[in-house]
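Residues per chain, in single letters:
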Amino acid sequence: PAFASLSSIMNRRNFLLTTSMLLPASALADSPKVQTLDGVLHWLDRLDQAATVRSTTDWKMQAVLEHLAQSIEMSLDGFPQAKPIWFQATVGTAAFAIFGLLGLMRHGLTEPIPGAPALTQRDDWKAGAQRLRIAVNRFLARQGPLHPHFAYGALSKPDFARAHVYHVANHQDEIVVS
């Protein structure tokens, strides 16, 4: 009965997110992914050297990279729309804790950040890669406070860095580089 009440409050995405977190890490593990923000910068360098880079989802590469940049930028500048405090303190905190235990995250790969500006749907992804590079460098240089995550709530800089790395690594699943 308590679960039925909770599941009726949560939207489909949150329900799927919560249930997917119950999978063992081995069921989610794919190929090696970025593990640090410096690793994200090196990954962007490798993309620059690739013959082709494309997304396997409905989002074009420019949109994917802009989305990743938005997430980092919003940790510095503020998220436009937050989940309710009760959500952040329960489902959001639990999700981040489980992602930390697994060392990875899973989320809808074509779900925009709530309230974020529209993404540019272009195959030419170089501007998105540059925006992501700038966002990562801004984050690394940041000495002051960060804004609460829209779903996880307040995070320390090391926790936010892990969240950003997990986010990029999850989106690597949708990117084909050749």
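Structure: above.
Draft legend 1. Examining the packing of aromatic side chains more closely. For the coordinates displayed, the defined rule picks out four aromatic pairs. Aromatic side chains F79 and F150 sit 5.7 Å apart centroid to centroid with 50° between the ring planes, which places their arrangement in the tilted category. Of the two residues, F79 is situated in the loop between helix 5 (61-77) and helix 6 (85-102) and F150 in the loop between helix 7 (126-141) and helix 8 (157-172); the sequence distance between them amounts to 71 residues. The residues F79 and F150 share a single accessibility class, namely buried. Taking 6.4 Å as the distance between ring centres and 75° as the angle between the ring planes, the aromatic pair formed by F99 and Y152 counts as edge-to-face. Linking F99 in helix 6 with Y152 in the loop between helix 7 and helix 8, this pair joins segments that are 53 residues apart in sequence. In this structure an aromatic cluster arises from ring pairing among F96, F99 and Y152.

Cut-offs applied
- Residues numbered from 1 in each chain as written.
- Predicted model: local features only at pLDDT ≥ 70, side-chain atom pairs only at ≥ 80, totals over all residues.
- Heavy atoms only, no water.
- Phe/Tyr/Trp six-rings, centres within 6.5 Å; stacked < 30°, edge-to-face > 60°.
- Helix = DSSP H or I, 4+ residues; strand = E, 2+ residues; numbered from the N terminus.
- Buried < 20%, exposed > 50% of the residue type's maximum accessible area, 1.4 Å probe, protein only.

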